[in-house]
Amino acid sequence: MRTLIVAEHDHQHLKSGTLSTLTAAMALKSPIDLIVIGQHCHSVVQEARSLAGVQCVIVADHEVYQSLLAENLAKLLASFAQDYTHILCPASTFGKDLLPRLAGLLECSLASDIIEIIDQDTFIRPIYAGNALATVRLKENTRLLTVRSSAFAKYTLQAETLVELRACDRVYAAEKTSLIRREESQNDRPELANAKVVVSGGRGLQNKENFALIEALADKLGAAVGASRAAVDAGFVPNDYQVGQTGKVVAPNLYIGIGISGAIQHLAGMKDSRVIVAINKDPEAPIFQIADYGLVGDLFKIIPELLSKL
Amino acid sequence: MKVLLALKRVIDPYVKIRVRADGSGVETANVKMSINPFDEIAIEEAVRLKEQGLARLTQVVSIGPEAVQENLRTALALGIDEALLVPCEQTLPALAIARVLKAIILIEKPDLVLLGKQAIDDDNNQIGQILAALLDWPQCTFASQLKVQGDSIEVTREVDGGLEILSAKLPAVVTTDLRLNTPRYASLPNIMKAKQKPLTRVSLEELGVCLTANIETLSVSAPKERKAGIRVDSVDELLDKLRHEAKVIE
Ligand SMILES: Cc1cc2nc3c(=O)[nH]c(=O)nc-3n(C[C@H](O)[C@H](O)[C@H](O)COP(=O)(O)OP(=O)(O)OC[C@H]3O[C@@H](n4cnc5c(N)ncnc54)[C@H](O)[C@@H]3O)c2cc1C
Ligand SMILES: Nc1ncnc2c1ncn2[C@@H]1O[C@H](COP(=O)(O)O)[C@@H](O)[C@H]1O
């Protein structure tokens, strides 16, 4: 029994989903290795080496891995598969792109977006936008799993440990796919996926200018900004702000949804938050059915009042 | 160029599902069924490629019960040229669906294959990627823009950090995200015309693929219900509760 975690990073730092995936991997109770694939990712490797739960950090550092494409990353991972009983990756867009491709190469099954580990073969995953939970069993030699980060605590980095390092010189080039560019949406707020407080706005904000109210409130609270699909589609905010079944799943300490009706696809992305606040002028809005604190009223009056009293 | 897309029939996204008490799954009897919303987007994209003169032929394929005919006819009414149904009463695991799609693709030889990024019933988000690996084709998942440029495509992908633009050589697999396009509605004349379009059956036996996979659903249960909280009457009361009861803000 041995577990491999595929680290997600941006060549500078480990993404926090990797730390949640490590917590999940600990539940498998077998030795854990972690692989960092990329180019010039020394700082990522340093962070990875401070993860006390990991036995060995494998580093595949080569220019062919610069673009982090599923096409060749999956081939590299496939070359490691026989050494591992489990291969885990965060269920981010990175992991969702990569691990099923690996499953295809190995012709084996994969359990995606798991939220609980029952035993080495048995996992729980949400289906139907989280309105049902499926318990699935994988009977594979190598069990492939993507892990929902919000369902597992983040493993904390421990600066004083120095995990063993192993270089990997296997080179697989992507022959048919190339990265033209990335357009990263920049902001200085906490990362949506692991923020302690999230303030989200919906169609009720009416336009991009008004959405600044949500951002102001988020800044007052040190929160990340989220949005409903309607708000993203209307162009108020970039796509990576979307919370829900087809966007990001978040579970902060405090989620404040404003001008969001609470469609099941939106609830799928936030209903496991610890405390939920809903602000909506429609007393019948479904979001009130899951909110701990509901305030009925006009957001254009309520947000300014909140801003002045916080 | 020939474009093939895969379609799944699912419980309509706006239906509130019911988990069966015996843990065997979700109630499907007398429940409204629809085309998986991401596959509607794939249909629209294929039709647009045809309208732009980029696609010569468009095909839709589905693996599922006879009732899927209804959804395939809808795809034809929306402008797809031909439909293929692989009749199958049982639900197949992702790997098996991908194998069936691969077998169809080896026969039909499309240049571009479109799938939804995820089926909204099992929320797997796997089949396009598995299929691309089985074929050793490039994959562009979560597409919000697709441009055909000679023998390659340029795809904008919606990823966690923003957008990513990839170039891939055809043939390739693309999975659709919600913002790729806005699907049209079928017009009445087109619904009538669709009745004349070819809908062919291909049996699983003919395709001869291995359908077993080493994944098994042991049970399906309802999640813990979140109990509704309280209504507050003012901003002051809200802040007081958040500070002193929930203790989530300073
Ligand atoms: C396959 C599929 C996947 C989807 N995935 C997602 C997803 O991941 N995430 C997601 O969010 N959605 C998703 N959706 C869309 C979802 O079904 C809803 O359409 C969407 O969430 C609605 O967004 P909204 O609540 O902002 O808009 P609306 O439903 O239009 O609600 C706007 C709300 O604002 C309130 N309001 C208006 N003015 C004011 C005011 N002045 N003060 C206070 N309140 C006001 C209204 O009362 C209303 O409740 C998906 C849909 C499908 C079919
Ligand atoms: N039974 C099926 N028949 C045809 N295509 C399917 C079937 N199931 C899934 N697909 C395709 O695979 C996509 C992704 O499904 P999934 O990986 O299961 O979330 C769907 O959007 C469809 O395009």
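Heads up: the structure comes first, above all this text.
What you see is a predicted model, and the numbers here were worked out from it, not measured in a lab. (Residues numbered from 1 in each chain as written. Chains lettered and ligands numbered in written order. Predicted model: local features only at pLDDT ≥ 70, side-chain atom pairs only at ≥ 80, totals over all residues. Heavy atoms only, no water.)

Participant: What am I meant to see in the site of ligand 2 here?
Facilitator: Residue and element names in this part refer to chain B. Taken together, the neighbourhood of ligand 2 is formed by 18 residues, with D39, I63, A119, Q126 and I127 sitting nearest. Here an oxygen atom of ligand 2 and a backbone polar atom of G116 are 3.1 Å apart. Residue I127 places a main-chain N or O atom 2.8 Å away from an oxygen atom belonging to ligand 2. Taking 490 Å² as the accessible area of ligand 2 by itself, protein coverage stands at 98%. Looking at the shell around ligand 2, the elements that each hand over two or more residues are β4 (57-64) and β6 (112-116). Among the elements that line the shell around ligand 2, the one with the most residues is β4, at three residues. (Near = heavy atom within 4 Å. Polar contact = N/O pair within 3.5 Å; in protein donor to acceptor, adjacent residues only side chain to side chain. Areas by Shrake-Rupley, 256 points an atom, 1.4 Å probe, with all protein chains shown as cover. Helix = DSSP H or I, 4+ residues; strand = E, 2+ residues; numbered from the N terminus.)

Participant: What is the right way to read the pairing of strand β14 (residues 254-258) of chain A from this model?
Facilitator: Strand residues, when the strand is regular, have side chains that alternate between the two faces of the sheet. All names here are of chain A. In terms of burial, β14 is largely enclosed, as five of its five residues are buried. Inspection of the sheet shows strand β12 (residues 197-201) paired to β14 by five bridges, in the parallel sense. Opposite G201, over in β14, you have I258 as the bridge partner. Two elements, β14 and strand β15 (residues 275-280), share five bridges in a ladder whose sense is parallel. Note that in β15 the partner of I258 across the bridge is I279. (Buried < 20%, exposed > 50% of the residue type's maximum accessible area, 1.4 Å probe, protein only. Pairing = 2+ DSSP bridges.)

Participant: Looking at this model, I keep getting lost on the interface of chain A and chain B. Mind explaining?
Facilitator: Interfaces are often described in size by the accessible area the parts lose on coming together. The interface of chain A with chain B comprises 82 residues on the first partner and 76 residues on the second. Summing the contributions of chain A and of chain B, the shared interface buries around 6900 Å²; its carbon and sulfur component is 52%. The shortest N-O distance in the salt bridge between D292(A) and R226(B) comes to 2.7 Å. Of the residues that constitute the side of chain A that touches chain B, the class distribution is 35 nonpolar, 21 polar and 26 charged. Looking at chain direction, strand β11 (residues 177-184) of chain A and strand β9 (residues 162-169) of chain B are connected through seven bridges and run antiparallel. Looking at the pairing, S178(A) lines up with S167(B) of β9(B). (Contact = heavy atoms within 4.5 Å. Buried area = accessible area lost by both parts, 1.4 Å probe. Salt bridge = Lys/Arg side-chain N within 4 Å of Asp/Glu carboxyl O. Nonpolar A, V, L, I, M, F, W, Y, C, P; charged D, E, K, R; others polar.)

Participant: Looking at this model, I keep getting lost on the sheet that holds β9(B). Mind explaining?
Facilitator: Pairing between sheet strands relies on hydrogen bonds along the backbone, with the strands arranged either parallel or antiparallel. Strand order in the open sheet made by the ten strands is β11(A)-β9(B)-β8(B)-β7(B)-β10(B)-β6(B)-β1(B)-β4(B)-β5(B)-β11(B), with mixed pairing throughout. At either end of the open sheet lies a strand with only one pairing partner, and these are β11 of chain A together with β11 (199-201) of chain B. Neighbour-to-neighbour, the strand axes of the sheet open up by a mean angle of 30 degrees, direction not taken into account. Bridge analysis of strand β7 (residues 139-149) of chain B against strand β8 (residues 152-159) of chain B gives six bridges, and the strand direction is antiparallel. Directly across from V148(B), in β8(B), lies its bridge partner I153(B). Sheet contacts for helix α4 (residues 127-135) of chain B: β6, β7 and β10 (172-176) of chain B; angle to β10(B), the most-contacted strand, approximately 180 degrees. (Axes fitted to C-alpha atoms, helices over the stretch in contact; angles between N-to-C directions.)

These values are about where atoms sit, not about what they do.
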